[in-house]
Amino acid sequence: MKHYLQFSDLSADEYAYLFERAALIKKKFKSYEKHHPLVDRTLAMIFEKASTRTRVSFEAGMYQMGGSVVHLTTGDSQLGRAEPIEDSAKVISRMTDLVMIRTFEQTKIERFAAHSRVPVINGLTNEFHPCQILADIFTYIEHRGSIQGKTVAWVGDGNNMANTWLQAAALLGFHLRVSTPNGYELDEKVATTPNGMGAGSYETYSNPMDACAGADLVTTDVWTSMGYEAENEARRKAFAAWCVDTRMMAAAQPDALFMHCLPAHRGEEVQAEVIDGPQSVVWDEAENRMHVQKALMEYLLLGRQS
Ligand code: CP
Ligand code: NVA
């Protein structure tokens, strides 16, 4: 049994399979062709933080594959009344076939997985967001072909998305450049767990313009992630120069793409002209969450399909 708790849980070969499979699943969806490999399977989705894309993409995706879903939140389950995560894992995994969790600390999802009888998928933690990077790289491949050897510029917070980009760069062989304000650097110890993969394999830039120069992909995220709202005001000040604008996009390759996992704040981490401009692929990125996660769920439950 395989869990998907961080990007490094799958190999480059497994990603190659998933990207191909997701393309096929997407093609079938677009032509209204049925794809029902998960009839009678149930996905439990546990949300301890808010979501639009993750909920819709997993829920719609599971129904489209013939399965069904159970939606739980902290507020409407015993998780919010201090039932131990280990007990919750034992119970939920006796009644369902697959579990997706969005929560705070990575250790929480690891504890759940350690006591689960079924595969567990990380739908975002403070440390990682592997399903999003899976969709982002699939989107890059759709638009530009292989990401191997390309240069990705990360502008902004050294957060769960940045950590996951680092794991992906080490695994799939592309260059990562990271520009964060002082005090908000990527935590290499977190990003390179569990085996140190990716340590030192990225470059840091104090000026975001330098990180973007010649990049094939420029990407960013909110200044304040969920769970860090108390730091909002301090972050607003610290991140003021980390807004992806038309100057940064002009410094990148002429055919560079812009990505953002969404939700976005125009005028903060990105200028409206960039996110709503011709180089932005944010809507494809969001849609592709569903297609790649369908491939992922099928793979975790049924293995490779020929
Ligand atoms: N990108 C992403 O995970 O979006 P949601 O928070 O809406 O799920
Ligand atoms: N870094 C953001 C991503 C939201 C999808 C957060 O954790 O809130």
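Above: the structure in question.
Residues numbered from 1 in each chain as written. Chains lettered and ligands numbered in written order. Predicted model: local features only at pLDDT ≥ 70, side-chain atom pairs only at ≥ 80, totals over all residues. Heavy atoms only, no water.

Quick question: what am I supposed to make of the overall build of the protein here?
When helices and strands are tallied, the protein shows twelve helices and nine strands. In terms of C-alpha radius of gyration, the protein reaches 19 Å, essentially the compact-globule figure of 19 Å for 306 residues. Viewed in the frame of its principal axes, the protein has a C-alpha envelope of about 50 × 45 × 35 Å. Within the protein, the proportion of its 306 residues that are buried is 55%. Within the protein, counting contacts between residues at least 6 apart in sequence, those at least 24 apart form 75% of the total. If you sum the accessible surface of the protein, you get close to 12700 Å²; carbon and sulfur atoms cover 51% of it. (Helix = DSSP H or I, 4+ residues; strand = E, 2+ residues; numbered from the N terminus. Rg over C-alpha atoms; globule rule 2.2 N^0.38 Å. Buried < 20%, exposed > 50% of the residue type's maximum accessible area, 1.4 Å probe, protein only. Contact = heavy atoms within 4.5 Å. Areas by Shrake-Rupley, 256 points an atom, 1.4 Å probe, with all protein chains shown as cover.)

Even after reading the chapter, I still don't get the packing of aromatic side chains, so can you show me in this structure?
Remark: the centre distance and the inter-plane angle together describe each pair of aromatic rings, the angle taken between the planes. Here the structure, examined in full by the defined rule, presents seven aromatic pairs. With a centroid separation of 6.5 Å and 25° between ring planes, the pair formed by Phe 19 and Phe 138 is classed as stacked. Of this pair, Phe 19 sits in helix H1 (residues 12-30) while Phe 138 sits in helix H5 (residues 130-144); the two residues are 119 residues apart in sequence, bridging distant segments of the chain. The pair formed by Phe 19 and Phe 138 is uniform in burial state, with each residue classed as buried. Each residue in the set Phe 7, Tyr 15, Phe 19 and Phe 138 is aromatic and connected to the rest through ring pairs, giving one cluster. The ring of Phe 104 has Lys 49 lying over it, and the distance from NZ or CZ to the ring centre is 4.8 Å. (Phe/Tyr/Trp six-rings, centres within 6.5 Å; stacked < 30°, edge-to-face > 60°. Lys NZ or Arg CZ within 6 Å of the ring centre and 35° of its normal.)

Sorry, what's going on with the nonpolar core here?
Side chains of a nonpolar character, in soluble globular proteins, are inclined to be buried together. Ranked by size, the top nonpolar core spans 56 residues in total, and within it Tyr 4, Tyr 15, Ile 121, Ile 137 and Trp 165 carry the most contacts. Sort the elements by how many residues they give to this core and helix H6 (residues 160-172) lands first, with eight residues. Tyr 4 has contacts with Asp 9, Leu 10, Tyr 15, Val 120, Ile 121, Asn 122, Pro 130, Cys 131, Leu 134, Leu 296 and Leu 300, leaving out every residue within four places of it along the chain. Judged by nonpolar contacts, the second largest core, of 20 residues, contains Ala 153, Val 155, Leu 262 and Ile 275. (Core = buried A, V, L, I, M, F, W, Y, C linked by side-chain atoms within 4.5 Å.)

Hey, could you run me through the sheet that holds strand S5 (residues 151-155) in this one?
Strand pairs in the sheet, formed through backbone hydrogen bonds, run parallel or antiparallel to each other. Taken together, five strands build an open sheet; the order of strands is S7-S6-S5-S8-S9 and the sheet is parallel. Sheet topology places strand S7 (202-204) and strand S9 (257-260) at the edges, where each strand pairs with a single neighbour. Ignoring strand direction, the axes of neighbouring strands in this sheet form an average angle of 20°. The sheet contacts of H5 involve strand S8 (217-220) and S9, and relative to S9 the element is tilted by about 160°. (Pairing = 2+ DSSP bridges. Axes fitted to C-alpha atoms, helices over the stretch in contact; angles between N-to-C directions.)

Just checking my understanding: could you explain the pairing of strand S3 (residues 98-102) for this structure?
Taken across its five residues, S3 has five buried, putting it largely inside the fold. Residue alternation in S3 divides its side chains into two sets, Leu 98, Met 100 and Arg 102 and Val 99 and Ile 101, and both sets are buried. Bridge count for strand S1 (residues 42-47) against S3 is five bridges, and the pairing is parallel. Looking at S3, one finds that Ile 46 is bridged to Ile 101. When S3 meets strand S4 (residues 120-122), the two strands line up parallel, connected through three bridges.

Could you clarify how one ought to interpret the site of ligand 1 in this entry?
By nearness alone, every residue bordering ligand 1 is listed as Ser 51, Thr 52, Arg 53, Thr 54, Arg 102, His 129, Gln 132, Cys 261, Leu 262 and Arg 289. One nitrogen or oxygen atom from the side chain of His 129 is found 2.9 Å from an oxygen atom belonging to ligand 1. Taking 260 Å² as the accessible area of ligand 1 by itself, protein coverage stands at 96%. Tallied by class, the residues present in the shell around ligand 1 amount to two nonpolar, five polar and three charged. (Near = heavy atom within 4 Å. Polar contact = N/O pair within 3.5 Å; in protein donor to acceptor, adjacent residues only side chain to side chain. Nonpolar A, V, L, I, M, F, W, Y, C, P; charged D, E, K, R; others polar.)

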